[in-house]
Amino acid sequence: MEVLYKSTRSNSEAVPASKAILKGLADDGGLFVPDHIPALDVSLQDLSKMSYKEVAYEVMKLFLTDFTEEELKKCIDGAYDEKFDTEAIAPLTEIGNTYYLELYHGATIAFKDMALSILPHLLTTSAKKNKIENEIVILTATSGDTGKAALAGFADVPGTKIIVFYPKNGVSPIQEKQMVTQKGDNTHVVGIHGNFDDAQTGVKNMFHNPELAKELNAKGFQFSSANSINIGRLVPQIVYYVYAYARLLAEEKIADKEMINVVVPTGNFGNILAAFYAKNMGVPIAKLVCASNENKVLFDFFQSGTYDRNRDFILTSSPSMDILISSNLERLIYRIAGNDSEKNAELMKNLSEGGVYTITDEMKTELKDFVGEYASEEECFKKIRTLYEEYGYVIDTHTAVASAGYDTYVKQSQDQTKAVIASTASPYKFTRSVMKAIDEKYDKMEDFALVDELSKLSNTSVPNAIEEIRTAPVLHDTVCEKDEMEQVVKNFLGI
Ligand SMILES: *Cc1c(COP(=O)(O)O)cnc(C)c1O
C-alpha cells in the first residue's frame, strides 16, 4: 500500500516520499509525516536471518513506496559498505541485562552516519525520479557533528555539491580538524567570523532568497538541505531498531515475541521517534525511554504535559543533546492529537511565540509507552567509570546519559525487561570527557595521547576517523565574514 507524506500543520496535499525528501520541510513550515505507519510484511523470525542491508530494504521499501526495488537496493548498497568498520553495521554488545546498540561504526563515529550515509543516495534518486536535472547543492550550518557527517556522506556523490559553514571559533579543535581535512572534489568547508546562530541565519537567508534561486537555476544548480527533520533521515533510523530485535532473536537472547525496552539519549527527538515507528510497525517494544541530559525539557514534558523551553541553556559534556527545541517531537504531538494538523499548528504557534505549550489529558494518555528520564553530569561520569571498572566496556558521554537514566528507571520501576540502549557516539569522539570520567588524572594529557590511552584501556583499536586526522593535510582554509556567505557560495559554484 502506498505511503504518502502530509504536513503536520495543514491539510495541504500529500506527496510521495521522493518529493518529501527533496523538499525537506513542507511549504507551511510543518514536518512531513507518513499518512500511516506500515506493518512489517515479513516475520521477525525471517528478519533474524537477514543482513543489515536486507533488513534495511524490508523496512525502507514500506515507507519509500515510490522507489523501485532496484533504486532502493542501489541506495542501500551505496550507503552501508566499507565506510563502516564492521560488517554488522550496527553491532550489539551485551552488558548484564542490557544490550548496547553501537550506532557509531560509520565514517564519523557518531550515529548520524546511519542516516547521512544513505541520504545523499536517496536525494539524488529522488531528483532523478522527479526529473530534476540541476545539480543539488547541500547547504549546511553546523555546530560540529552534523557538518562532518554530512560532508562524509556527500563526498564524491555524483550530482551533488556540499557547502558547510561553521563558526570559526565555536567548534572543538578535533571537530574543526575533522571538517577542514575533508576529501572530495565536491566538498567545501567555510569558517565564519560569528557564532552558530549567524551561520544558521546566513544559510536560512540563502534558502529563502528567490533571486538567488533563480540565478542558481539558470546555471544548473538548486539548494537542498540535510537537516535532521528530513524524512530521508528518519526512515533509515527505523531500520536499526528492527535489526537489533532480529539480532537478539537470532542469537537466542530473547524468545519469539518477547518484549524489550529501548533507551535513547535524546536531543532533537529524531532517534527515539524512529524507535516509536519501529514499535508501530510491529517490533515488540514495551517502553521507549527518552533520556535527556541536564537540558531536561523532554523529561519535564513527559512528567507534566507542558513543554517549556523558557529556561537556561546548559552546556554539558554531551553537547549533541544540548537542545531546548526538539524539532522532531512535533511529529509525535501531531499523532497524539489524533493526526489533527490544526491542533498541532496551534501548539507549535504557542511554542514559537511564548516558548511553551501544554497538551490535553487525552493526548497525555497516548504517551503511555514513553518514559522520560534524565541524568546529571555527575551520574553520567559515574556510569562511565563503573561500566569500565566492572566490564572493561567504555561508552561515550551521550550513551552514558541513556545508561544512567535507565538505571534510575529500573530502580524506581523494578522493571526487569531486557533493554536495548542506543549507543550514539564512539568514546573516541569525546575522549577527554570520557577519560576524565574514568580518572581525573587524565585531564593533564594531550588529546592524541589520550586517544592512545583509551585504546589501551578499552582494548579497542583507534577508529580510522581519528587516525586520519592525526596527520591529514588541511584542504579547506576559507574564512569569511557573516555577510559574505552568499558570495562565497557563488565563488564555489563559479557563478
Ligand atoms: C544527534 C545526537 C544525539 C541526539 O539525537 P536526536 O535524534 O537529535 O535525538 C545523541 N547523541 C549523539 C552523539 C548525537 O550526535
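Whatever comes next refers back to the structure up there.
So, here's what we can say about the structure. Fair warning: this is a prediction, and the values are worked out from it, not measured in the lab.

**So, the overall build of the chain**
In step 1: Counting its secondary structure elements, the chain contains 22 helices and 15 strands.
In step 2: Rg of the C-alpha trace for the chain: 22 Å, near the compact-globule value of 23 Å for 495 residues, within the 12% margin.
In step 3: A principal-axis box enclosing the C-alpha atoms of the chain has dimensions of 60 × 55 × 50 Å.
In step 4: Out of the 495 residues in the chain, the part that is buried amounts to 56%.
In step 5: In the chain, the share of contacts with a sequence separation of at least 24, taken over all contacts with a separation of at least 6, comes to 74%.

**Some remarks on the site of the ligand**
In step 1: Around the ligand, a shell composed of 14 residues is seen, among which Lys112, Gly267, Asn268, Asn271 and Thr424 lie nearest.
In step 2: A distance of 2.6 Å is found between an oxygen atom of the ligand and a side-chain nitrogen or oxygen belonging to lysine 112.
In step 3: In this structure, an oxygen atom belonging to the ligand sits 2.7 Å away from a main-chain N or O atom of asparagine 268.
In step 4: Computed on the free molecule, the ligand has an accessible area of 390 Å², of which 96% lies beneath the protein chains in the complex.
In step 5: Counted by class, the shell around the ligand contains 5 nonpolar, 8 polar and 1 charged residues.

**Description of helix α18 (residues 397-413)**
In step 1: Taking 1.5 Å per residue as the helical rise, α18 with its 17 residues ought to reach 24 Å, and the 24 Å between its terminal C-alpha atoms agrees with that figure.
In step 2: Within α18, the full set of buried residues consists of Thr397, His398, Thr399, Ala400, Val401, Ala402, Ser403, Ala404, Gly405, Tyr406 and Tyr409.
In step 3: Once α18 finishes, glutamine 414 follows within two positions and takes phi at roughly 60°, a positive value.

**Focus on helix α9 (residues 196-207)**
In step 1: With 12 residues, α9 extends 17 Å between its outermost C-alpha atoms, agreeing within 8% with the 16 Å of an ideal straight helix rising 1.5 Å per residue.
In step 2: Within the span of α9, buried status applies to Ala199, Gly202, Val203 and Met206. All buried residues of α9 fall inside an arc of 95° around its axis, so they share one side.
In step 3: On its buried side, α9 packs onto β5 (135-141), β6 (160-167), β7 (187-193), α10 (210-218), β8 (221-224) and α22 (485-493).

**Description of the pattern of salt bridges**
In step 1: Using the criterion set out here, one finds 26 salt bridges in the structure.
In step 2: One salt bridge connects lysine 73 with glutamate 69, and the closest N-O pair in it is separated by 2.6 Å. With lysine 73 and glutamate 69 both in helix α4 (residues 69-79) and 4 residues apart, this pair spans about one turn of that helix.
In step 3: Take lysine 73: its relative accessible area is 37%, and that puts it in the partly exposed class.
In step 4: We note a salt bridge from aspartate 407 to lysine 383, for which the minimum N-O separation is 2.8 Å. Within this pair, whereas aspartate 407 is found in helix α18, its partner lysine 383 is found in helix α17 (residues 377-391), the two being separated by 24 residues in sequence.

**Digging into the sheet that holds β6**
Sheet strands pair via backbone hydrogen bonds, and the direction of the pair is either parallel or antiparallel.
In step 1: Ordered in space as β8-β5-β6-β7-β15, the 5 strands form an open sheet in which the pairing is parallel. Looking at the sheet topology across the chains shown, the edges are occupied by β8 and β15 (478-481). Averaged over neighbouring strand pairs, the angle between their axes works out to 30° when direction is ignored.
In step 2: Bridging between β6 and β7 involves 6 bridges; their strand directions are parallel. Within the sheet, the bridge partner assigned to valine 164 lies in β7 and is valine 189.
In step 3: In the packing of helix α7 (residues 145-154) onto the sheet, contacts are made with β5, β6 and β7, and the angle to β6 comes to roughly 165°.

**Structural notes on the packing of helix α19 (residues 431-438) against helix α20 (residues 447-458)**
In step 1: Contact pair α19 / α20: the axes reach a minimum separation of 10 Å and the direction vectors enclose 55°. Considering the angle they form, α19 stands oblique to α20. The element α19 and its partner α20 pack so that their crossing is left-handed. Contact residues: Thr431, Arg432, Met435 and Ile438 in α19; Asp447, Leu450, Val451, Glu453, Leu454 and Leu457 in α20.

**What to know about the packing of aromatic side chains**
In step 1: Under the defined criterion, the tally for this structure stands at 18 aromatic pairs.
In step 2: When the ring of phenylalanine 276 is compared with that of tyrosine 277, the centres are 6.4 Å apart and the planes differ by 40°; the resulting orientation is tilted. The two residues phenylalanine 276 and tyrosine 277 agree in class, both being buried.
In step 3: Taken together, the ring pairs in this structure connect Phe63, Phe269, Phe276, Tyr277, Phe301, Phe302, Tyr307, Tyr357 and Phe370 into an aromatic cluster.
In step 4: The aromatic ring of phenylalanine 67 is capped on one face by lysine 129, whose charged end is 5.6 Å from the ring centroid.
In step 5: Above the face of the tyrosine 374 ring, lysine 296 is positioned so that its terminal group lies 5.2 Å from the ring centre.

**Side note on the sheet that holds strand β10 (residues 285-292)**
In step 1: Strands sit in the order β3-β4-β14-β9-β10-β13 across an open sheet of 6 strands; the sheet is mixed. Strand pairing shows two members of the sheet lacking a second neighbour, β3 (92-95) and β13 (370-374), which therefore form its edges. Each strand of the sheet is rotated relative to its neighbour by a mean of 25°, with strand direction disregarded.
In step 2: In the sheet, strand β9 (residues 260-265) pairs with strand β14 (residues 419-423) via 3 bridges, with the strands oriented parallel. Paired with asparagine 261 across the bridge in β14 is alanine 419.
In step 3: Lying on the sheet, helix α13 (residues 297-304) is in contact with β10 and β13; it crosses β13 at an angle near 135°.

**Topic: unusual backbone geometry**
In step 1: Positive phi, normally seen in glycine, also occurs at aspartate 156, with a value near 60°.
In step 2: Along the polypeptide, aspartate 156 turns up in the loop between α7 and β6.
In step 3: Non-glycine residue glutamate 252 carries a positive phi angle of around 55°.
In step 4: Positionally, glutamate 252 belongs in the loop between α11 (231-250) and β9.

**A word on the pairing of β7**
In step 1: For β7, a buried count of 6 out of 7 residues is recorded, marking the element as mostly surrounded by other parts of the structure.
In step 2: As for the winding sense of the linkage, the β-α-β connection from β6 through helix α8 (residues 173-180) to β7 is right-handed.
In step 3: One ladder, built from 4 bridges, connects β7 with β15; its direction is parallel. Paired with glycine 191 across the bridge in β15 is valine 479.

Criteria and thresholds
- Residue numbers here run from 1 along each chain, matching the order of that chain's written sequence.
- Residue-level local features of this predicted model are given only where pLDDT is at least 70; pairs of side-chain atoms are given and counted only at 80 or more, and the full residue set underlies all totals for whole chains, interfaces and linings.
- Heavy atoms throughout the structure, all of them, feed into the side-chain values; hydrogens and water do not.
- Put simply, DSSP H or I for four residues or longer makes a helix, DSSP E for two residues or longer makes a strand, and each gets a number counted from the N terminus.
- Using C-alpha atoms as the atom set, the radius of gyration is obtained and then compared with a globule rule of 2.2 Å times the number of residues to the power 0.38.
- Residue exposure (1.4 Å probe, protein chains only): buried if accessible area is under 20% of the type maximum, exposed if over 50%, otherwise partly exposed.
- Contact definition: two residues touch when any of their heavy atoms are within 4.5 Å.
- Any residue with a heavy atom lying within 4 Å of a molecule or strand is counted as near it.
- Any N or O atom pair separated by 3.5 Å or less is treated as a polar contact, with the protein-specific requirement of one donor-capable and one acceptor-capable atom, and with residues adjacent in sequence counted only for side-chain atom pairs.
- To measure how exposed things are, a 1.4 Å probe is used in the Shrake-Rupley method; for residues, cover is taken only from the protein chains shown.
- Three categories are distinguished: nonpolar for Ala, Val, Leu, Ile, Met, Phe, Trp, Tyr, Cys and Pro, charged for Asp, Glu, Lys and Arg, and polar for the others, with Gly belonging to the last.
- In this scheme, a helix's expected span is set at 1.5 Å multiplied by one less than its residue total.
- Starting at the helix axis, one direction is taken to each C-beta atom, and the arc is that of these directions.
- Salt bridges are defined as contacts in which a side-chain nitrogen from Lys or Arg sits within 4 Å of a carboxyl oxygen from Asp or Glu.
- In this scheme, strands are said to pair when DSSP sees at least two bridges between them.
- For helices, the axis comes from a line fit to the C-alpha atoms of the stretch in contact; other axes are also lines fit to C-alpha atoms, and the angle between any two N-to-C directions lies between 0 and 180 degrees.
- Roughly parallel refers to an angle under 35 degrees, roughly antiparallel to one over 145, roughly perpendicular to one between 65 and 115, and oblique to any angle outside these ranges.
- The sense of a crossing depends on the near helix, which, turned anticlockwise from the far helix by less than a right angle, makes the crossing left-handed and, turned clockwise, makes it right-handed.
- Between 30 and 60 degrees the pair is tilted, below 30 it is stacked and above 60 it is edge-to-face, where a pair is any two Phe, Tyr or Trp rings, Trp via its six-membered ring, whose centres lie within 6.5 Å.
- By definition, being over a ring means that NZ of Lys or CZ of Arg is both within 6 Å of the ring centre and within 35 degrees of the ring normal.
- Consider the strands pointing away from the viewer: the crossover is right-handed when the path from the first strand over the helix to the second runs clockwise.

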